[in-house]
Amino acid sequence: MTINFDEKGLVPVIAQDATTKDVLMLAYANKEAVDLTQSTGYAHYYSRSRNKLWKKGEESGHLQKVHEILVDCDEDAVIYLVDQLTAACHTGYRSCFYRRLDGTVSGERMFDPKEVYKKKE
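On a predicted model such as this, the values are computed, not experimentally measured, just so you know. (Residues numbered from 1 in each chain as written. Predicted model: local features only at pLDDT ≥ 70, side-chain atom pairs only at ≥ 80, totals over all residues. Heavy atoms only, no water.)

Some remarks on helix 1 (residues 31–40)
What counts here: Here's how the labels work: a residue is buried when its accessible area is under 20% of the maximum for its type, exposed when over 50%, partly exposed in between, all with a 1.4 Å probe on protein chains only. Helix and strand assignments come from DSSP, with helices taken as H or I runs of at least 4 residues and strands as E runs of at least 2, each series counted from the N terminus. What the arc describes is the spread of directions from the helix axis to the C-beta atoms. In this description, contact between two residues means that some pair of their heavy atoms is separated by no more than 4.5 Å.
Of all the residues in helix 1, the buried ones are Ala33, Val34 and Thr37. Each buried residue of helix 1 sits inside an arc of 100 degrees when the element is viewed along its axis, so together they form one side. Those residues of helix 1 hidden inside the fold are in contact with strand 2 (23–29), strand 3 (44–47), strand 4 (52–55), strand 5 (64–71) and strand 6 (78–84).

Right, dumping it as structure tokens:
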């Protein structure tokens, strides 16, 4: 199976809970990130803002164990079916999709990001 990466060499990746099927987050991956995910069994992505490869949970410890990688019919989007340790969202929620369109919070905060992402000295 091939993946059609965009002109920047990226593909959108949806992380979905392998058991509950909850959508946890959307990120991007380049070929190296997909290859690392496949070879290690842990989710890797490409940060567009930091311009670098990253392993989900490398700082927080909230890893994503990948069970399966699915590719859509156009081969231009990917789903990682994962077991999520603690939470996927850097704001402390299990899913990055914790708000409704009107701004109402519909998710539960699972950790305090100020405690998890302390500046390293």
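Comments concerning the pattern of salt bridges
Note the cut-off: Here a salt bridge means any side-chain nitrogen of Lys or Arg lying within 4 Å of a carboxyl oxygen belonging to Asp or Glu.
Considering all chains together, one arrives at two salt bridges under this definition. For the salt bridge of arginine 94 with aspartate 17, the shortest nitrogen-to-oxygen distance reads 2.3 Å. Placement of the pair is arginine 94 in the loop between strand 6 and helix 2 (113–116) and aspartate 17 in strand 1 (residues 11–17), with a sequence separation of 77 residues. Relative accessible area serves as the criterion here: at 24%, arginine 94 is assigned to the partly exposed category. We classify aspartate 17 as buried; its relative accessible area is 7%. Across the pair lysine 31 and aspartate 35 runs a salt bridge, and its minimum N-O distance is 2.8 Å. Taken together, the residues lysine 31 and aspartate 35, both in helix 1 and four residues apart, mark about one turn of the helix. For aspartate 35, a relative accessible area of 35% gives the class partly exposed.

Quick look at the sheet that holds strand 6
The test is simple: Here a strand pair is declared whenever DSSP counts at least two bridges between the two strands. Between the N-to-C directions of two axes lies an angle of 0 to 180 degrees, each axis being a line fitted to C-alpha atoms and, for a helix, fitted only over the stretch in contact.
Sheet architecture is open: four strands sit in the order 2-1-6-5, paired in mixed fashion. With partners counted over all chains shown, the strands left at the sheet margins are strand 2 and strand 5, one partner each. Put simply, the sheet's adjacent strands are angled 25 degrees from each other on average, direction ignored. Sheet topology note: the strand 1/strand 2 ladder contains six bridges and is antiparallel.

Side note on the nonpolar core
What tends to happen in soluble globular proteins is that the nonpolar side chains get buried as a cluster. Stated precisely, the cut-off is as follows: For this analysis, a nonpolar core means a set of buried residues of the types Ala, Val, Leu, Ile, Met, Phe, Trp, Tyr and Cys, connected via side-chain atoms within 4.5 Å.
Counting 18 residues, the largest nonpolar core has Val13, Met25, Ala29, Tyr45 and Tyr80 as the members making the most contacts within it. Mapped by element, the contributors of at least two residues to this core are strand 1, strand 2, helix 1 and strand 6. With four residues, the single largest contributor to this core is strand 2. Sequence-distant contacts of methionine 25, defined by excluding residues within four places in its chain, comprise Val13, Ile14, Ala15, Tyr45, Trp54, Lys56, Gln64, Ala88, Cys96 and Phe97.

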